[in-house]
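Structure assessment
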Amino acid sequence: MAKPVVTRLNGYAKHAGVTSNGESRPRITTNREGHPLATQLQASLDVIAHRGPDDSGVWINETEKVGLGHCRLSINDLSSAGRQPLHSSDGHVHVVVNGEIYDYDRLRYECETIHHYAFQGDSDSELVLALYQVFGAPGFFAHLRGEFAFVLYDDRPGSRRLIAARDRYGIKPLVYTRLGSSLLIASEAKAFLPFGWSPRWDVCAIADAGWMFDDRTLFRGVRKVLPGHYLETTEDGGVRQVQYWDAEYEDKTKPEIRTMDEMVAGVRERLVDSVRLRLRADVPVGIYLSGGIDSSAIAGIVTDLARKEHAKIGSEHTTGVTCFSVAFPEISGYDESQIAERTAEWLGVKTIKRTITEETLAENFEDAVFHCEHHHFDLNFVAKFALSTLPQEHGVKVVLTGEGADEHFAGYPYFFSEFLREADEALPDSHFSQNSSLRSQMFESAQREMKGIWQKGGATAYKNRPAVPSIAGPGAADMSDNLLAWHPSASLFAPWIQARQGSDDCRRTILNSYPKTVQAKMRTRWHPLHTSMYMWNKNSLANVLLSCLGDRTEMAHSVEARTPFLDHHLTEYVNRLPPSAKLRYTAETASDSGEVGPIWTKSSVALQSLNEKWILREAVHPYITDELYRRKKHPFLAPTRWGKDGPLYRKLKALLTRDAVEGLGFVSWTTIQDAMGIAWGEAADPKAFRLLLYCGAWVTLSQRMGVARADEADWELPALLAAFLPFAGGECRMNYVFAHTL
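As the structure is a computational prediction, the values presented were derived from the model and not from experiment.

1. Some remarks on the overall build of the protein
- For the protein, the count of helices and strands is 30 helices and 24 strands.
- Put simply, the protein has 742 residues, and 65% of those count as buried.
- Partitioning the contacts of the protein with sequence separation of at least 6, the portion at a separation of at least 24 is 76%.
- Counting only carbon and sulfur atoms, one obtains 48% of the accessible surface of the protein, whose full area is about 26,000 Å².

The structure is reproduced here in structure tokens:
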């Protein structure tokens, strides 16, 4: 695990070359002393050293137009042979890799025996180098399984190219920007600062939510490599973003008929295989354990593999595994630590708990924001930031997590109404396929109940809005409202922002982010449930959950998280399952047992009558307690009601001064002032509290990264950017290339 940098520069004397020092692979040496480019690259690595504190390396090509830098978190092959950048035996192909490539043993065996590739070490990262040389691009992407971001440079005559790629779901971050005539690529935007990058706000991306729904970020001119895409440069200076993978779902017009037993077995087999592959490491492996079914299933499968198959858990031969969890003491509905402890006791595994208090959240808020580089509606990301200190403190570099299960097994309540919107023709004997009247009644009730939940949590519950032309099929516009539930209301923004935005509808930002081919599938081939799941996975999963609740908060503490539920061999199978295998009607509800939790209400009858993640529950039943098997989903959220004059009040009061807020240039000071007055105490307005969180994050970023005050000229930038930093499929010309990635 590590971080890379790619740079293209001119005007320096040669200080790089390929030499042999008797090791199994050539050493690429760079004279760093006095070399301006090497100094910049190393300074950039130092900024993100949290992503790889074990080692670092810099390489610059002979023309000094390309440089690679990498800071390493040693996971597989702890020897010097795993040091990056990695280089081909002929010294012409070079790569830096962040993340993990799974199925290592099989892929290595095939490369060695069939293709006669000679590996130089035991690092999984070398598979990127090997598979590229065996299959070329884009062919080698089909063989890459895991979470990764990498930059590869091929300087062979006639095939000179640079490829910067991101995994299928965007588990690992990768951003890029233009600086003069050069291109910079990095895991985090802050890594651009040593190159002279002067950050400015992309106020349009913030106001229209584009940072969540397309390839923009909060920063002007900084774009994301989209999940399942790669950037490619050619010898003549062209740059384009290319898609190599996308999710596909069952064709509702031609459903495949399978038995439930077959489908349950199919899910179980693929999930167990995914977990097994993610246990490979030369360091200890732990698990993030909550009170939910997802992480508990992972813990149960790991324990079962260790006991029955004597599977090695990372570097350790043990029948137990260390689990890490958080507790919100004495806060009704939010603390799941007791059920996590019962699960751990049932499994016979060790649990280490981090108690999250108001003081913990206040102390860690600014650091968490700085690492995430974007705002968030809840303090759960700060809790995750604090949780991630535990593995580091206990010598655990790798943790398995449950992210991705809700997204692929319909775990979120805003999926429910889309499930009810149409009958499921793949299972004609299912309850709602047999009773269309009940389905219609439940559909309308579920929509009302979901809006009530949004209002309870301080989100934006849209009412009586003009319809948006449905370019993406039934339910797409309604799902857009769900995706925008946590987008700040227009009143938060300065008057000039509101005037510029006018009557623009943010739902168009979402719907227009999908290619026309996908929109056609949404209209005609996919069930509305699957359309809504595709939308969520492309937007909130990639740009929020896998960022501030994933890589950014984990890697801030040098912890690599692995996500078995996002293994594409598993997800491609699950996506083809019928909707009624994921959601199942039941007369039993959580409210019957008195367990409502922080989001449900006693009146949420329709929503609680649907059993979310039904087929996952069946598949993992042997690995979890009956309590978890029957339990409704409780989302990982932090409380929104805190006392006035407490640690959080004092933190936000100190951050949100008039000078700081007005210094952003795009926020209404009056709105923040009003929100500060009603966001605290027993009668606190949760929506006002979330407005303070948004603005507190922006102030933190402006102060820590030196972001310039926004002005009206910034609004026009997105149109200008299209000329040189395109969306997928576009193309642009540059003279030089910088890149940096973790």
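Moving on from the model shown.
2. Some remarks on the environment of Leu 484
- Topologically, Leu 484 is positioned in the loop between helix H16 (476-483) and helix H17 (495-501).
- On a C-alpha basis, the gap between Leu 484 and Tyr 462 in space is 9.3 Å, while along the polypeptide they are 22 residues apart.

3. Side note on the environment of Asp 674
- Structurally, Asp 674 can be placed in helix H28 (residues 669-678).
- In the structure, Asp 674 is positioned 14 residues away from Ala 688 in sequence and 8.3 Å away in space, judged by C-alpha atoms.

4. A few points about the sheet that holds strand S19 (residues 398-400)
- One open sheet accounts for five strands, arranged S18-S17-S16-S19-S20; its pairing is parallel. The strands lining the two open edges of the sheet, one partner per strand, are strand S18 (350-355) and strand S20 (560-562). Strand after strand, the sheet turns through a mean of 30 degrees between neighbouring axes, direction not considered.
- Of the pairings in the sheet, the one linking S19 to S20 comprises three bridges and is parallel in character. Residue Leu 400 lies in a different strand from S20, and its bridge partner there is Arg 562.

5. Concerning the nonpolar core
- Judged by nonpolar contacts, the single largest core of 176 residues is most densely connected at Phe 150, Trp 201, Phe 666 and Trp 698.
- With twelve residues, helix H29 (residues 686-705) is the largest single contributor of residues to this core.
- Apart from residues lying up to four places away in sequence, Phe 150 is in contact with Val 95, Val 96, Val 97, Val 128, Phe 140, Phe 141, Leu 144, Ile 163, Ala 164, Ala 165 and Leu 174.
- By size, the runner-up hydrophobic cluster in this structure holds 51 residues, among which are Leu 279, Val 285, Val 302 and Leu 628.

6. Structural notes on the UniProt feature "site: Important for beta-aspartyl-AMP intermediate formation" (unreviewed entry) in the protein
- The positions UniProt marks with the feature "site: Important for beta-aspartyl-AMP intermediate formation" (unreviewed entry) are Glu 403.
- By the secondary structure assignment, Glu 403 is in the loop between S19 and helix H12 (405-408).
- Setting aside residues up to four positions removed in sequence, Glu 403 forms contacts with Lys 384, Leu 546, Leu 549, Thr 563, Phe 565 and Leu 566.
- Within the local environment of Glu 403, its side chain forms a polar contact with the side chain of Thr 401, the two groups lying 2.4 Å apart.

7. Here we look at the sheet that holds strand S11 (residues 175-179)
- Strands sit in the order S12-S11-S13 across an open sheet of three strands; the sheet is antiparallel. Every other strand in the sheet has two partners, leaving strand S12 (182-186) and strand S13 (222-224) as the edge strands with one partner each. Pairs of neighbouring strands in the sheet enclose a mean axial angle of 25 degrees, with direction left out of account.
- Looking at chain direction, S11 and S13 are connected through three bridges and run antiparallel. From the neighbouring strand, Thr 177 faces S13, where its bridge partner is Val 222.

8. Details of the pairing of S11
- Note that S11 and S12 share five bridges and pair antiparallel. Paired with Val 175 across the bridge in S12 is Ala 186.
- Once S11 ends, the chain turns through two residues before running back antiparallel as S12, passing Gly 180 with a positive phi of about 65 degrees.

9. Some remarks on the UniProt feature "binding site: L-glutamine" (unreviewed entry) in the protein
- Per the UniProt annotation, the sites labelled "binding site: L-glutamine" (unreviewed entry) are Asp 124.
- Excluding anything up to four places from it in sequence, Asp 124 contacts Asn 76, Gly 99, Glu 100, Ile 101 and Tyr 104.
- Engagement of the side chain of Asp 124 in a polar contact is seen with the side chain of Asn 76, the distance being 2.9 Å.

10. A look at H29
- In this model, H29 (20 residues) spans 28 Å end to end at C-alpha, consistent with the 28 Å of a helix rising 1.5 Å per residue.
- Counted residue by residue, H29 has 17 buried out of 20 residues, so it is predominantly covered.
- Structurally, the start of H29 carries an N-cap: the backbone nitrogen of Lys 687 is 2.9 Å from a side-chain oxygen of Asp 685.
- Two residues or fewer past H29, Gly 706 is found with a positive phi of approximately 65 degrees.

11. Structural notes on the pairing of strand S5 (residues 55-60)
- As judged from the six bridges shared by S5 and strand S6 (residues 67-72), these two strands associate in the antiparallel manner. The residue bridging Gly 57 from the neighbouring strand is His 70, located in S6.
- Two successive antiparallel strands, S5 and S6, enclose a turn made up of six residues, where Glu 64 displays a positive phi of approximately 60 degrees.

12. Things to note about the packing of helix H9 (residues 358-372) against H29
- In contact at an axis separation of 9 Å, H9 and H29 are set at 70 degrees when each is read in the N-to-C sense. As summarised for this structure, H9 and H29 are arranged roughly perpendicular, according to the angle between their axes. In this structure, H9 uses Phe 365, Glu 366, Asp 367, Val 369 and Phe 370 to contact H29, whose residues at the interface are Leu 693, Gly 696, Ala 697, Thr 700, Leu 701, Arg 704 and Met 705.

13. A look at the pattern of salt bridges
- Scanning all chains against the criterion turns up 52 salt bridges.
- Salt-bridge contacts for Asp 567 lead to Arg 145; the nearest nitrogen and oxygen are separated by 2.8 Å. Note that Asp 567 is positioned in the loop between S20 and helix H21 (568-575) and Arg 145 in the loop between helix H3 (126-135) and strand S9 (146-154), a separation of 422 residues in sequence. The residues Asp 567 and Arg 145 share a single accessibility class, namely buried.

14. Structural notes on helix H26 (residues 647-655)
- Every buried residue of H26 is accounted for by Leu 648, Tyr 649, Leu 652 and Leu 655. What you see down the axis of H26 is that its buried residues fit within an arc of 135 degrees, all on one side.
- Residues of H26 that are buried make contact with H9, helix H27 (658-664), H28 and H29.

15. Side note on the side chain of Asp 505
- Following the sequence through the fold, Asp 505 ends up in the loop between H17 and helix H18 (506-511).
- By relative accessible area, which is 17% here, Asp 505 ends up buried.
- Separated by 2.7 Å, the side chains of Asp 505 and Arg 507 make a polar contact.
- With residues near it in sequence (within four places) discarded, Asp 505 still touches Arg 465 and Val 468.

16. Observations concerning the packing of aromatic side chains
- Tallied over the full model, the rule gives 34 aromatic pairs.
- Taking the centre distance of 6.5 Å and the plane angle of 75 degrees together, the rings of Tyr 249 and Tyr 534 count as edge-to-face. Separated by 285 residues along the polypeptide, Tyr 249 in the loop between strand S15 (238-243) and helix H6 (260-277) and Tyr 534 in helix H20 (residues 528-555) bring together distant segments of the chain. For the pair Tyr 249 and Tyr 534, a shared accessibility class is recorded, and that class is buried.
- Both rings, one in Tyr 414 and one in Trp 536, keep their centres 4.9 Å apart while their planes meet at 35 degrees; by these two values the pair is tilted. Taken together, the residues Tyr 414 in the loop between H12 and helix H13 (416-421) and Trp 536 in helix H20 connect sequence positions 122 residues apart. You'll find Tyr 414 and Trp 536 in the same group, each marked buried.
- Within the aromatic cluster, the residues linked to one another by ring pairs are Tyr 132, Phe 140, Phe 141, Phe 148, Phe 150, Tyr 230 and Tyr 244.
- The aromatic ring of Trp 614 is capped on one face by Arg 584, whose charged end is 4.0 Å from the ring centroid.

17. Side note on the side chain of His 374
- With respect to the helices and strands, His 374 occurs in the loop between H9 and helix H10 (380-387).
- Since its relative accessible area comes to 6%, His 374 is described here as buried.
- A polar atom in the side chain of His 374 sits 3.0 Å from the side chain of Ser 547.
- The contacts of His 374, once residues within four sequence positions are left out, are Trp 211, Leu 218, Val 369, Asn 543, Ser 547, Cys 548 and Leu 701.

Cut-offs and rules
Residues numbered from 1 in each chain as written. Predicted model: local features only at pLDDT ≥ 70, side-chain atom pairs only at ≥ 80, totals over all residues. Heavy atoms only, no water. Helix = DSSP H or I, 4+ residues; strand = E, 2+ residues; numbered from the N terminus. Buried < 20%, exposed > 50% of the residue type's maximum accessible area, 1.4 Å probe, protein only. Contact = heavy atoms within 4.5 Å. Areas by Shrake-Rupley, 256 points an atom, 1.4 Å probe, with all protein chains shown as cover. Pairing = 2+ DSSP bridges. Axes fitted to C-alpha atoms, helices over the stretch in contact; angles between N-to-C directions. Core = buried A, V, L, I, M, F, W, Y, C linked by side-chain atoms within 4.5 Å. UniProt positions renumbered as here; feature names shortened; annotations may be inferred. Polar contact = N/O pair within 3.5 Å; in protein donor to acceptor, adjacent residues only side chain to side chain. Expected span 1.5 Å × (residues − 1). Parallel < 35°, antiparallel > 145°, perpendicular 65-115°, else oblique. Salt bridge = Lys/Arg side-chain N within 4 Å of Asp/Glu carboxyl O. Arc of directions from axis to C-beta. Phe/Tyr/Trp six-rings, centres within 6.5 Å; stacked < 30°, edge-to-face > 60°. Lys NZ or Arg CZ within 6 Å of the ring centre and 35° of its normal.

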